[in-house]
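# Observations on the model geometry
Residues per chain, in single letters:
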2 protein chains.
Amino acid sequence: MEEAIIRKYAKLAVCSGANVQKGQLLVITASVHDAAFAEYCAEEAYKAGAGKVAIRWNDDTVTHLAYQYESQESLCRVADWELARKQDEIDQKACYLYIDSEVPGFFKDIDADKMQKATMARRKKMKPYQAYTMNNIGQWSIVAVPSPQWALKVFPDKSEEQAQEALWDAILQSVRINRTNDPQAEWERHDRQLAEHCRLLNSYQFDYLHFTNGLGTDLKVHLVKDHIWAGGGSTTPSGVFFNPNMPTEECFCMPDRDHVDGTVYASKPLSLSGKVVENFWFTFKDGRVVDYGAEKEKEALANMLSTDEGSKHLGEVALISYDSPISNMNIMFFNTLFDENASCHLALGACYPENLEGGPDMTEEEVLAHGGNSSVNHVDFMFGTQDMDVTGVTFDGRRVPIFRAGNFVI
Amino acid sequence: MEEAIIRKYAKLAVCSGANVQKGQLLVITASVHDAAFAEYCAEEAYKAGAGKVAIRWNDDTVTHLAYQYESQESLCRVADWELARKQDEIDQKACYLYIDSEVPGFFKDIDADKMQKATMARRKKMKPYQAYTMNNIGQWSIVAVPSPQWALKVFPDKSEEQAQEALWDAILQSVRINRTNDPQAEWERHDRQLAEHCRLLNSYQFDYLHFTNGLGTDLKVHLVKDHIWAGGGSTTPSGVFFNPNMPTEECFCMPDRDHVDGTVYASKPLSLSGKVVENFWFTFKDGRVVDYGAEKEKEALANMLSTDEGSKHLGEVALISYDSPISNMNIMFFNTLFDENASCHLALGACYPENLEGGPDMTEEEVLAHGGNSSVNHVDFMFGTQDMDVTGVTFDGRRVPIFRAGNFVI
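Residues numbered from 1 in each chain as written. Chains lettered and ligands numbered in written order. Predicted model: local features only at pLDDT ≥ 70, side-chain atom pairs only at ≥ 80, totals over all residues. Heavy atoms only, no water.

## Considerations on the nonpolar core
Put simply, the rule is: In this description, a nonpolar core means a group of buried Ala, Val, Leu, Ile, Met, Phe, Trp, Tyr and Cys residues linked to one another through side-chain atoms lying within 4.5 Å. We call a residue buried when its accessible area falls under 20% of the maximum for its residue type, exposed when it is over 50%, and partly exposed in between, using a 1.4 Å probe and counting protein chains only. Runs of E in the DSSP output that reach at least two residues are strands. Runs of H or I that reach at least four are helices, and both are numbered from the N terminus. What makes two residues a contact is simply this: any of their non-hydrogen atoms within 4.5 Å.
Counting residues in hydrophobic clusters, the biggest one holds 136 residues, and the most contacted among them are A:Tyr9, A:Ile99, B:Tyr9 and B:Ile99. With nine residues, the top contributor of residues to this core is helix H1 (residues 3–18) of chain A. Apart from residues no more than four positions distant in its own chain, A:Ile99 is found in contact with A:Ile28, A:Thr29, A:Ala30, A:Asp34, A:Phe37, A:Ala38, A:Cys41, A:Val143 and A:Val145. With 42 residues, the next largest nonpolar core counts A:Leu223, A:Leu348, A:Phe383 and A:Met388 among its residues.

Next comes the structure, spelled out in structure tokens:
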């Protein structure tokens, strides 16, 4: 992909995504193999007035070696300085940009239990700092760039170079960038449209949503009282608007963690700790997963579910028309950032307090008391289909068609 | 360069350089642009039994942006977690591998004073931790890999690809690697030869060395009493042998910080904080630089000298035959690791306590009391020439020719 258009993307990520403010610290997380894009982002951030740009580099090849060779004790060790670093970033009111280029299945040969224990140990230690982004106290944004190996997974019939170019095309299209337009203006328009959709859903204050389709999904998801449908950008308490996900097509809300019943069938694979889980399903009773299955990598699912109690309950429900821009590309990205925007999805694990009136100002216990969910995990999975029907049921028993045959009709 | 030979080099760096021990933490410092080589090093370290490999990535392009855009205050800030991280490494008895691919002159457009203040602030904060490597308490090693831009500086008439290949050839030759040999065995032989040279120099216990050549150098460098000439590998207090520099051809010793007199002319440029200082000289009186000059980048020199009092005194004197393997390649590397091994050199700034009997067990004050030098800097510069004469003078006035016409004759 030509440099000029990639720079345009970097500027979009920094300005419309993280929306770094004058003098602010921007922390970028990136793979060493995406150094060129990370450098563009750093430059655009400084040009936009960032006070400092710090890059936290990672390298999955080295991480893979660590999982191969290190003891469980060594893998689970989280040093105090790592927590101090996070606290230092928060004290400085940092914003975050995550550059994702994860290769699906990269860790598939690693013992799932060993990985899960290491991930859990880290997440537990990091949990006190999670609210900073989960509650939108500081801005954060996730964008993706195509690693060659990821591109080959998405386009297995192409050469490495062609595959990477094709994935660049798909990514840039999904984030509304082309050679001639002003993508920041496009995003302002897009954010307004999503906000209008949310306003409409909020006006009903549904008791629950009823999902049914031909795969066998029959699921009732109750929403917490005083829920807020959100979509597109978010706003920090100090009034800075930002886009946590680029792309995003969803309107999402907070399920009542103890009032979800029925069975849901996933409609797309799930990339989980480097494994690809396929054809899986969950049965919920009183909000809790009581049964589940998967044709491939069931163990990865089992490990995730056993992380903590919150991992067995929902934290998010999101609506996306089957006829959405990303869905219409008809590409399986093997990456949640894209695939979740091609289909209605649910998330097991932590809820977003912004989906509850006054949520961001509540303690974790208060959010839980309102029916929100807490976990070190937040795992999105897709279940939307072309024949999905969604009906909203109000407290006075009124049934409102939200989706018919996969698309918004409300 | 073919992968097999680069892996051979990675193994040499990890096993003969840092000599990582079973269960030990290895901390690798590397540019994100050298990820492939760093990954090989990590793999070889784990195969050799390392308990953990941590990589501290850097990216000069991002550092350059920081110098361009950040305030002096921001550049000088060293966070407490950075010190805690270093202490954590030391507590774990880590060893270090530094992978160098610095592009000479990369920061030449940056304000020298701004850079110097930032470097000084960082070094001052890091000084308490410096002894861990300077005193060889833990193993450490520096190796180099050719960045394309560095290679083009060394071979300006070649294409980027040819230049990088030529620099690979020169580096691998300098560290005694070829397609068929066992470089680890070569290094054992080489280390034994350097040790024999040092043994001979130590047996004289010279009062001072007298350097003269046609460039105008006429310098008397007194050595501290009970000095130790060292060269090749070093040994930690716990008995682990390692090679701090790869390549290395030098025998080096500790000058008496207050007894250096005369003038010395540099014979090669000096790459300093990303600037290339050319044709420079120093005049010493009672060990202190009292006058100096440079045809290019004198300001960078001035900034370095003004860092602290110790930067104006010598901390190291090193002898290398003009007819040495690296010298014979007749390549100007613009990198101290190589150029210092092509020529006799001196260093302004911190001394190495290992060059003093009992030095590694002394406090900094005790080393100073013995005539050693202390500084946040340690800046090597080359002054050896084809016509260099070096005469050793003993305390009873005996004059021993050490070098005649550039080469060892002792």
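## A closer look at the relation of the copies chain A and chain B
Formally: In superposing the copies, a least-squares fit is computed on C-alpha atoms, taking residues whose pLDDT is at least 70 in both.
Of the transformation superimposing chain A on chain B, the axial component is 0.0 Å and the angular component is 180 degrees, with the fit at an RMSD of 0.0 Å. On the angle and the small slide along the axis, the relation comes out as a two-fold axis.

## Some details on the environment of A:Thr119
Residue and element names in this part refer to chain A. Its location among the elements puts Thr-119 in helix H6 (residues 112–134). According to the relative accessible area criterion, Thr-119 is partly exposed, its value standing at 21%. The spacing of Thr-119 and Val-376 is 257 residues in sequence and 9.4 Å in space, taken between C-alpha atoms.

## Details of the sheet that holds strand S17 (residues 378–382) of chain A
All names here are of chain A. To be explicit about the condition: Two strands form a pair only when DSSP identifies at least two bridges running between them. For helices, the fitted line uses only the C-alpha atoms of the stretch in contact; every axis is such a line through C-alpha atoms, and the angle between N-to-C directions lies from 0 to 180 degrees.
If you trace the five strands from one edge of the open sheet to the other, you get S7-S10-S15-S16-S17, paired in antiparallel fashion. Since the sheet does not close on itself, it has two edges, and those belong to strand S7 (230–231) and S17, each with one partner. Direction of pairing for strand S16 (residues 345–349) relative to S17: antiparallel, over a ladder of five bridges. Across the sheet, residue Gly-349 finds its bridge partner in S17, namely His-378. Contacts between helix H9 (residues 183–204) and the sheet are confined to S7, strand S10 (251–253) and strand S15 (314–319), with S10 contributing the most and set at about 40 degrees to the helix.

## Section: helix H3 (residues 60–69) of chain B
Along H3(B), the residues classified as buried are B:Val62, B:His64, B:Leu65, B:Ala66 and B:Tyr67. The secondary structure elements touched by the buried residues of H3(B) are helix H2 (35–47) and strand S2 (52–58) of chain A together with helix H4 (72–76) and helix H6 (112–134) of chain B.

## Things to note about the interface of chain A and chain B
How big an interface is tends to be expressed through the accessible area that disappears when the partners come together. To keep it simple, the criterion reads: Note: buried area is the sum, over both parts, of the accessible area (probe 1.4 Å) each one loses when the two are combined. Salt bridges are identified by distance alone: a Lys or Arg side-chain nitrogen within 4 Å of an Asp or Glu carboxyl oxygen. N or O atoms within 3.5 Å of each other form a polar contact, as long as, within protein, one can give a hydrogen and the other can take it, and as long as residues adjacent in sequence are counted only when both atoms are side-chain atoms.
Facing the 29 residues of chain A at the interface are 29 residues of chain B. Approximately 2500 Å² of surface area, both sides summed, lies buried where chain A meets chain B, with 62% of it carried by carbon and sulfur atoms. Across the chain A-chain B interface, the total number found is four salt bridges. Measuring nitrogen to oxygen at the nearest pair gives 2.7 Å for the salt bridge that ties A:Arg77 to B:Asp88. Linking chain A with chain B are 10 residue pairs in polar contact (both at pLDDT 80 or more), by the criterion used here. Sorting the residues of the side of chain A that touches chain B by element identifies H2, S2, helix H3 (60–69) and helix H5 (80–91) of chain A as the ones contributing at least two each.

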